[in-house]
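A closer look at the structure
The lines below spell out each chain.
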Amino acid sequence: MRHLLTHIAIFTIALFLIAAAALFGWSRSAQLVITDEATVLAGFEPMPEEEFNWTQLGAKAYLRNCANCHGREGEGWDQYPALGHTAPLFESPGGRDYIIDVHLYGLTGDRWGVPMPPMGHIHDIEMAAVINHVLTNFGNEALLDEDAELYAPEDIGPRRGQDLSPAQVNERRLEVMGVEEE
Ligand code: HEC
């Protein structure tokens, strides 16, 4: 009789655990639908004639995608450059396109021991927001032209599909801008 009771108890506990796991799985998948990334990002997409409201999205996207390498305040560390020179690059001839290419295809040169990885998986809306965040922070705000035209989501798409390697982006860096090595 004792054995039978033990079996029933263990069986009940097992059933309970299975039910709890199923419930957990269900709640997680339900939650995924609610917080679907495209839906969240679509909330930031400007309507025609509306200004692109990128400030909050840009700050979040920076922390999520860039801060681990470039530092929370874009200060850089070890093999990762600080980002305070981005505005002058952006303002150079060809710089507007070049800065997008760095983010889509990565960058590698002799300056740093590691490459900047391609980040083309970032959605156009988030990409425009995060680059605008860099251009208006980390010291760039003081260097940026007062009437500089920042990025809109529709600027990013046309730069996709070029299939560049990080080394080719570096050639572009040297040839398009003629910037000096730092
Ligand atoms: C895995 C580390 C890593 C991540 C993540 C990363 N970067 Fe970089 N980034 C680098 C390195 C390394 C370089 C320097 C590459 C070189 O000059 O050869 C660089 C260079 C840059 C430059 C300077 C380009 C130039 O021509 O001088 C900018 C701007 C930049 N990153 C922005 C970003 C932004 C914005 C993000 C997030 C969306 C990001 N990076 C994510 C490692 C990273």
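Remember, it's a predicted structure, so these values are computed and weren't measured experimentally.

Looking at the iron atom of the ligand, one finds its protein donor set to be H70 (NE2) and M116 (SD), positioned 2.0 to 2.1 Å from the metal centre. Each of the 6 donor atoms bound to the iron atom of the ligand contributes to angles spanning 86 to 178 degrees, and the resulting shape is octahedral. Of the two residues, H70 is situated in helix α4 (residues 67–70) and M116 in the loop between α6 (95–105) and α7 (124–135); the sequence distance between them amounts to 46 residues. Here H70 falls in the buried class, since its relative accessible area comes to 10%. With a relative accessible area of 18%, M116 lands in the buried category.

Along the chain, L135 falls in helix α7. Taking the C-alpha atoms as reference points, L135 and G106, separated by 29 residues in sequence, lie 18 Å from one another. With residues near it in sequence (within four places) discarded, L135 still touches T86, A87, F90, N140, E141, L144, L150 and Y151.

Let us look at the domain arrangement of the protein. Each assigned domain of the protein is listed with its residue range as follows: domain 1 (2–35) and domain 2 (52–177). A straight line from the C-alpha centre of domain 1 to that of domain 2 covers 47 Å.

UniProt's entry tags residues 53–138 with the feature "domain: Cytochrome c" (unreviewed entry), counted in the numbering of this structure. Across residues 53–138 one finds 51% helix and 0% strand; the C-alpha atoms that close the span lie 20 Å apart.

Turning next to the pattern of salt bridges. Enumeration over the complete set of coordinates arrives at 7 salt bridges. R64 is paired through a salt bridge with E126; the nearest N and O atoms lie 2.8 Å apart. Residue R64 is located in helix α3 (residues 55–65), and its partner E126 is located in helix α7; the two are separated by 62 residues in the primary sequence. One network of salt bridges, in which partners are shared, links D97, D101, R159 and R172.

About the thresholds
Residues numbered from 1 in each chain as written. Predicted model: local features only at pLDDT ≥ 70, side-chain atom pairs only at ≥ 80, totals over all residues. Heavy atoms only, no water. Donors = N, O, S within 2.8 Å, 3.2 Å for Na, K, Ca; no water. Tetrahedral: all angles 85-135°; square planar, octahedral: opposite > 155°, others 65-115°. Helix = DSSP H or I, 4+ residues; strand = E, 2+ residues; numbered from the N terminus. Buried < 20%, exposed > 50% of the residue type's maximum accessible area, 1.4 Å probe, protein only. Contact = heavy atoms within 4.5 Å. Domains from an automatic or database assignment. UniProt positions renumbered as here; feature names shortened; annotations may be inferred. Salt bridge = Lys/Arg side-chain N within 4 Å of Asp/Glu carboxyl O.

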